[in-house]
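# A closer look at the structure
Given next are the chains, with one letter for each unit.
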Amino acid sequence: MSDKSSNQMWGGRFAAGPDAIMEAINASIGFDQRMAAQDIAGSRAHAAMLAATGIVSDSDAAAIREGLLTVLSEIESGSFQFSTALEDIHMNVEARLKEIIGEPAGRLHTARSRNDQVATDFKLWVRDQMDAAIAGIEALIRALLTQAEAGADWVMPGFTHLQTAQPVTWGHHMMAYVEMLGRDLSRFRDARARMNECPLGSAALAGTSFPIDRHMTAAALGFDRPTANSLDAVADRDFALDFLSCASICAMHLSRFAEELVIWSSVQFRFVAMSDKWSTGSSIMPQKRNPDAAELIRAKIGRIFGANVALMTVMKGLPLAYSKDMQEDKEQVFDAADNLMLALAAMTGMVSDMSARQDNLAAAAGSGFSTATDLADWLVRELNLPFRDAHHVTGSLVAMAEGKGCDLPELTLADMQSVHAEITDAVFGVLGVDNSVASRMSYGGTAPAQVRAQITRWKEILA
């Protein structure tokens, strides 16, 4: 099928065809051919319904359904010739169907419009991408659980403002990202459930006078129900915006983790060793190992955020129902979906392959007076000091340790009693980082027992 085809699908008024510029701006086949499988699935369901309701004959419907499978096989094999003159995937498929089966192909478009057809195709495609994202997030969560289980009691510094705050465990830090990704799972699942209504049968904008069965086509395509308002159904792209919103938040979480991996793999931190699979060398500095995969994941969010803003901007001024502006809805979603899945796969690979440097983590955990809060808490519990007074005493002891060039556990009892006379040598039992993390037994805390309980909970959720 060539672009010079005389079969102009839009009818006699434009029989001569648009000029090259109009053809280029009007055509979407360059990108919407990605929805070929969804388009053919929707058409096959529509044909079966037309036969079941007596709108077309069983023989015509059977020819249509078989012919569509032939078209699909040609597309999947790469032998199908797409035409920009035919604008989009719907017209390309229908024109080829007519070449294969002849006159019955013209009956396929009974009781539908390209408006409800494209809305259905796009929903099916986005729904598939939501399923893929859910599976990708689950795989990453499993990789994080493996890391968390291995290091449930490995101490490391916890940070606020990127300054040493309190000791935590490696497992606890990994589980923080499990919780973030768990919310991403919930968002994608909610969005999938919300979008699962079928636009097919809404026709151009007002429904149809043919006695169609929209519940039949909805069920055939795996939707929960048909959409309840034909105007909204053909004008709605909320499902795509939901996907982009979920993808943006998920990508933000991946970017935060990627930033930590960049920092942790530096020679200044040495918290993790990244696999050569996910790092590259420098073109000039032979000693370098660059965390390129993490950096590229960190950058992907710009494309995904951009897609979200772009589609919001396309949709914000459109009156009901369909406008050609909405042809600009797909490329951003396609790009965002591709990059989200790539980022999830790369992060899963990095997490699976990376090695935490336990000795370096432990050494860093005890630096920066990380047990100062434990000291303040001990003063409150054991000496009954008001917390603000305990905070002041602890601050004075931190200043003393800084002056001596040592950490809090290295101060003598006499040093401590010079600041507050009632301190006893029992205080040293809370100043070690292992004691510190073991004491954080509040629900959701960093104590190894709590971390293991959360790992068990997440394994049960995923199971």
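Residues numbered from 1 in each chain as written. Predicted model: local features only at pLDDT ≥ 70, side-chain atom pairs only at ≥ 80, totals over all residues. Heavy atoms only, no water.

The chain appears in an unreviewed UniProt entry as Argininosuccinate lyase from Thalassobius vesicularis. One UniProt comment on the chain, placed under Subcellular location (unreviewed entry), says "Cytoplasm". The chain has a UniProt comment under Sequence similarities (unreviewed entry) that states "Belongs to the lyase 1 family. Argininosuccinate lyase subfamily." (UniProt positions renumbered as here; feature names shortened; annotations may be inferred.)

Under the definition given, this model contains 23 salt bridges. Residue Asp-131 pairs with Arg-192 through a salt bridge whose shortest N-O separation is 2.6 Å. Taken together, the positions of Asp-131 in helix 6 (residues 114-150) and Arg-192 in helix 7 (residues 170-195) put the pair 61 residues apart, joining distant regions of the chain. Asp-131 sits in the partly exposed class, given a relative accessible area of 32%. For Arg-457, the salt bridge identified is with Glu-179, shortest N-O distance 2.7 Å. Note that Arg-457 is positioned in helix 18 (residues 448-462) and Glu-179 in helix 7, a separation of 278 residues in sequence. Classification of Arg-457 as partly exposed rests on a relative accessible area of 29%. A single network of salt bridges, built from pairs that share partners, joins Asp-60, Glu-103 and Arg-107. (Salt bridge = Lys/Arg side-chain N within 4 Å of Asp/Glu carboxyl O. Helix = DSSP H or I, 4+ residues; strand = E, 2+ residues; numbered from the N terminus. Buried < 20%, exposed > 50% of the residue type's maximum accessible area, 1.4 Å probe, protein only.)

With that settled, consider the UniProt feature "domain: Argininosuccinate lyase C-terminal" (unreviewed entry) in the chain. Under the UniProt annotation, "domain: Argininosuccinate lyase C-terminal" (unreviewed entry) lies at residues 369-438. From the first C-alpha to the last, residues 369-438 spans 17 Å; its make-up is 59% helix and 0% strand.

What follows deals with the packing of helix 11 (residues 292-315) against helix 12 (residues 330-353). Running from amino to carboxyl end, helix 11 crosses helix 12 at an angle of 155°, the nearest separation of the two axes being 9 Å. Between helix 11 and helix 12, the crossing angle belongs to the class labelled roughly antiparallel. For the crossing formed where helix 11 meets helix 12, the hand is left-handed. Where helix 11 approaches helix 12, its residues Ala-293, Ala-294, Ile-297, Lys-300, Arg-303, Ile-304, Ala-307, Ala-310 and Leu-311 are matched on the opposing element by Gln-332, Val-333, Asp-335, Ala-336, Asn-339, Leu-340, Leu-342, Ala-343, Ala-346, Met-347 and Met-350. (Axes fitted to C-alpha atoms, helices over the stretch in contact; angles between N-to-C directions. Parallel < 35°, antiparallel > 145°, perpendicular 65-115°, else oblique. Left-handed = near helix turned anticlockwise from the far one by under 90°. Contact = heavy atoms within 4.5 Å.)

Where helix 10 (residues 238-264) meets helix 12, the closest approach of the two axes is 10 Å, and the angle between their N-to-C directions is 35°. In the crossing of helix 10 with helix 12, the sense of the turn from one axis to the other is left-handed. Listed contacts from helix 12 to Ala-240, Phe-243, Leu-244, Ala-247, Cys-250, Ala-251, Leu-254, Phe-257, Ala-258 and Leu-261 of helix 10 are Gln-332, Val-333, Ala-336, Ala-337, Leu-340, Ala-343, Leu-344, Met-347, Met-350 and Val-351. In the contact of helix 10 with helix 12, the residues fall into 19 nonpolar, one polar and no charged. (Nonpolar A, V, L, I, M, F, W, Y, C, P; charged D, E, K, R; others polar.)

To continue, consider the pairing of strand 2 (residues 163-169). Where strand 1 (residues 155-160) and strand 2 come together, five bridges link them in antiparallel fashion. Paired with Met-156 across the bridge in strand 2 is Val-168. Where strand 1 folds back onto strand 2 in an antiparallel hairpin, the turn is made up of two residues, including His-161, whose phi is positive at roughly 60°. (Pairing = 2+ DSSP bridges.)

The subject of this paragraph is the environment of Ser-418. Relative to the helices and strands, Ser-418 resides in the loop between helix 16 (413-417) and helix 17 (433-439). Residue class for Ser-418 comes out exposed when judged on its relative accessible area of 55%. In this structure the side chain of Ser-418 is engaged in a polar contact, spanning 2.5 Å, whose partner is the backbone oxygen of Asp-415. (Polar contact = N/O pair within 3.5 Å; in protein donor to acceptor, adjacent residues only side chain to side chain.)

A few words on the side chain of Gln-129. Position of Gln-129 among the secondary structure elements: in helix 6. The class for Gln-129 is buried, based on a relative accessible area of 17%. When residues no more than four places from it in sequence are discounted, the contact partners of Gln-129 are Phe-243, Ala-337 and Met-341.

Core analysis: the largest hydrophobic core is formed by 79 residues, its most contacted members being Trp-170, Phe-188, Phe-257, Trp-264 and Met-347. Elements supplying a minimum of two residues to this core: helix 6, helix 7, helix 10, helix 11, helix 12, helix 13 (358-365) and helix 18. Two domains each put at least three residues into this core: domain 2 (114-210 + 223-363) and domain 3 (367-462). For Trp-170, the contacting residues outside a window of four places in its chain are Gln-147, Gly-151, Trp-154, Met-156, Trp-264, Val-272, Met-354, Ala-356 and Leu-361. Ranked by size, the runner-up nonpolar core spans 21 residues in total, among them Ala-372, Leu-397, Cys-406 and Met-416. (Core = buried A, V, L, I, M, F, W, Y, C linked by side-chain atoms within 4.5 Å. Domains from an automatic or database assignment.)

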